[in-house]
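In case you want the letters, here they are:
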Amino acid sequence: MGFEPIKILYSLLSLFIIFNIGMLINGITRKIGARVGRRHGIRFYQPYIDLVKNYALRSNITHGIMFYLGPVFRLTGGIGVYLFVPAIYGSEYFGNFSFAGDLVLITYFIFFGTLGMALGAGEGGHPYSAIGISRGLAQVTAAEIPLVIAFLGAAIQYQSLSVTEMVALQQGGIQNWTMVTNPLLTAVALIAYLGTMMRSPFDIVLAPQEIPIGPPTEYHSTFLGVLQTNRAIFPMAKTVLFMNVFFGGATNWGVLILKVFLIYMWSVFVGVVFPRFRVDHSIRWFYKYALPLGLVALAATSLLIK
Amino acid sequence: MSSKDLEKRRVTGPDGEQFDVDPMQDYFCQERPKEHEPANRIWESFLNWARAESLWILGYGTGCGAIEMRPLMTPRFDAYRYGIQWRPTPRQSNVLVIGGYLSVKTLKRVIRSYEQMQGPKYVVALGSCTINGGMYWDSYNTINRLDKYLPVDIYITGCMPRPESLLAGFEALKKLIREGKGEGQNLYARNFDEYKANQKKIIRDWDMPDYNW
């Protein structure tokens, strides 16, 4: 397959679309949270205004080079995940840069931003940042294990490490989706999904009431703007990946938006219903329930393909 | 922390290694605040609209009046509708609400918080105590006129003002910002020496740099 320069433009367009979907879903999510608390809540376009304001603040200060690079790494992680996921199955241009074996790279990219942020926020020097990071890394690591098990199970089931091939094998109706052919694996994936979304019950990392805002405590103006941009792109990229591997992918933007919205709402509804776990609880929970379930699902998958 | 802690010194770490610590360089930025010119008129008015519609308040109750801020987060008043949100860290906030009387001890923390906020930033003074001292006007440890120590953008009078008047005050602040009059940060930078002299007159145990970013 040769490289076509026009693909860069289409990838940027695709990124732009997913950014806007992310911003709107962020707004709508907060609106839903407010309605659950019987408030009206923010306007659904408020995240855009906040973003403009943060980018437009006149002053900013830095604590060093890693402090600069933290948000950059974070955004790189988000964009990196998205650019290697085939957003629209079968589309020549919105397939982004997916290639055989992209699942391995994507799994790496999911962790990449967290590590960059850890270095950056660490240089910020605020004690709350340090607490947030140590909690964040511990929890993400615990959630990452079921996540990798779920992807590994899918790779075993479809005998492929290419997300595009996995989607191809799920075409032809809901009965071919991983959700139906391998529900146990999908359950593990959805549990891991909760752990990586930074929403309640797994949002101790940011915990506004306890360790004010966690890792981004020292981040402001443009730095915060970059983090907010990533906050729109990264969860969407992850959701698109889950949609591809477990829910049959999408053949056009309409289906993509619908599926992404529904999968995302899973984390939102769990979040508004369940209170926050402490970090030792959440790690224990992942090791006690998600990990054994993942191993069972993995064994079941191996039996399934025999 | 005393002013001695800010001196340059040599410390021995837990492993026995020795290293130099210069707190004024390592922990603080000593630069004076700078004035920031607004951008050109049309672009700036768009940015001012965004700033007005996205007021992030520092969640810092400096006095009894701060209790009137809490109901704004509840379903009854719900200030989030108007683009008003609370942030837990001064770095990310734009609005500092001074909730009523300000004791000398709190003033020090208020100044530090204000200087850590990134501009354009606004100060909302709440209650009569911030205007002339209110019922504490002859108290031995509260300040009377907040305006002498920080550039105040808007006063909300009352003792205490109800949450409705806070909302009205925030709407008035938004109007000021949209008109391009919310330049408190530049005012502070321009009259920096005067503000510092006033602050130092009140705060006797001054154990921080003159400007802590």
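For clarity, every value in this text was computed on a predicted model and none was experimentally measured.

## Let's talk about the overall build of chain A
- Tallying secondary structure elements over chain A gives eleven helices and zero strands in all.
- In chain A, the succession of α and β elements from N to C terminus is α-α-α-α-α-α-α-α-α-α-α.
- Against the compact-globule benchmark of 19 Å for 306 residues, chain A has a radius of gyration of 19 Å, which places it among compact chains.
- Taken over the C-alpha atoms alone, chain A extends approximately 60 × 50 × 40 Å along its principal axes.

## Brief notes about the nonpolar core
- Ranked by size, the top nonpolar core spans 75 residues in total, and within it A:V81, A:V85, A:A150, A:V188, A:A192 and A:A237 carry the most contacts.
- The leading source of residues in this core is helix 9 (residues 221-246) of chain A, at 15 residues.
- Those residues within four positions of A:A192 in sequence are excluded, and the remaining contacts are A:A143, A:P146, A:L147, A:A150 and A:A290.
- Of all hydrophobic cores here, the second largest spans 41 residues; its members include B:I57, B:L107, B:L126 and B:I156.

## A few points about unusual backbone geometry
- Cis geometry is adopted by the peptide bond preceding A:P201, which originates at A:S200 and carries an omega value of 0 degrees.
- One can find A:P201 in the loop between helix 8 (183-196) and helix 9.
- With an omega dihedral of -10 degrees, the bond running from B:C159 to B:M160 counts as a cis peptide bond.
- You can see B:M160 is positioned in the loop between strand 7 (154-156) and helix 5 (163-178).
- Of note in this structure, A:S221 is not a glycine but carries a positive phi near 30 degrees.
- Relative to the elements of secondary structure, A:S221 occurs in helix 9.
- In the Ramachandran plot, B:D78 falls in the positive-phi region, its phi being about 50 degrees despite a non-glycine side chain.
- Take B:D78: it is sitting in the loop between strand 3 (55-58) and strand 4 (84-87).

## Describing the pairing of strand 3 of chain B
Residues and elements named next belong to chain B.
- Burial along strand 3 is two-sided: L55 and I57 and W56 and L58, pointing in opposite directions, are all buried.
- In this sheet, strand 4 lies alongside strand 3 in parallel orientation, the contact comprising four bridges. Following the sheet pairing, L55 is matched in strand 4 by I84.

## Concerning the pairing of strand 6 (residues 122-126) of chain B
Residues and elements named next belong to chain B.
- With five of five residues buried, strand 6 lies mostly within the body of the structure.
- Residues Y122, V124 and L126 line one face of strand 6 and the alternating positions V123 and A125 line the opposite face, and both faces are buried.
- Remark: the strand 5 (residues 95-99)/helix 3 (residues 104-116)/strand 6 crossover connection has right-handed handedness.
- Note: strand 6 against strand 7, three bridges, orientation parallel. Each residue of the ladder has a partner; that of L126, found in strand 7, is I156.

## With respect to the confidence of the model for chain A
- Predicted confidence across chain A gives a mean pLDDT of 90, with 99% of residues reaching 70 or more.
- Helix 2 (residues 46-55) of chain A holds the highest mean pLDDT among the elements of chain A, 95, whereas helix 4 (residues 102-124) of chain A holds the lowest, 87.

## Let's talk about the packing of helix 5 (residues 127-158) of chain A against helix 8 of chain A
Residues and elements named next belong to chain A.
- It is the contact of helix 5 with helix 8, at a shortest axis distance of 8 Å, that shows an interaxial angle of 150 degrees. Here helix 5 lies roughly antiparallel to helix 8, going by the angle between them. For helix 5 against helix 8, the interelement crossing comes out left-handed. Counted together, Q139, V140, A143, P146, L147, I149, A150, G153 and A154 of helix 5 and L185, V188, A189, I191, A192, G195 and T196 of helix 8 form the full contact between these two elements.
- Tallied by class, the residues present in the contact of helix 5 with helix 8 amount to twelve nonpolar, four polar and no charged.

Rules used throughout
Residues numbered from 1 in each chain as written. Chains lettered and ligands numbered in written order. Predicted model: local features only at pLDDT ≥ 70, side-chain atom pairs only at ≥ 80, totals over all residues. Helix = DSSP H or I, 4+ residues; strand = E, 2+ residues; numbered from the N terminus. Rg over C-alpha atoms; globule rule 2.2 N^0.38 Å. Core = buried A, V, L, I, M, F, W, Y, C linked by C-beta atoms within 7 Å. Buried ≥ 20, exposed ≤ 12 C-beta atoms within 10 Å, placed from the backbone. Contact = placed C-beta atoms within 7 Å. Pairing = 2+ DSSP bridges. Right-handed = clockwise from strand over helix to strand, strands pointing away. pLDDT = per-residue confidence, 0-100. Axes fitted to C-alpha atoms, helices over the stretch in contact; angles between N-to-C directions. Parallel < 35°, antiparallel > 145°, perpendicular 65-115°, else oblique. Left-handed = near helix turned anticlockwise from the far one by under 90°. Nonpolar A, V, L, I, M, F, W, Y, C, P; charged D, E, K, R; others polar.

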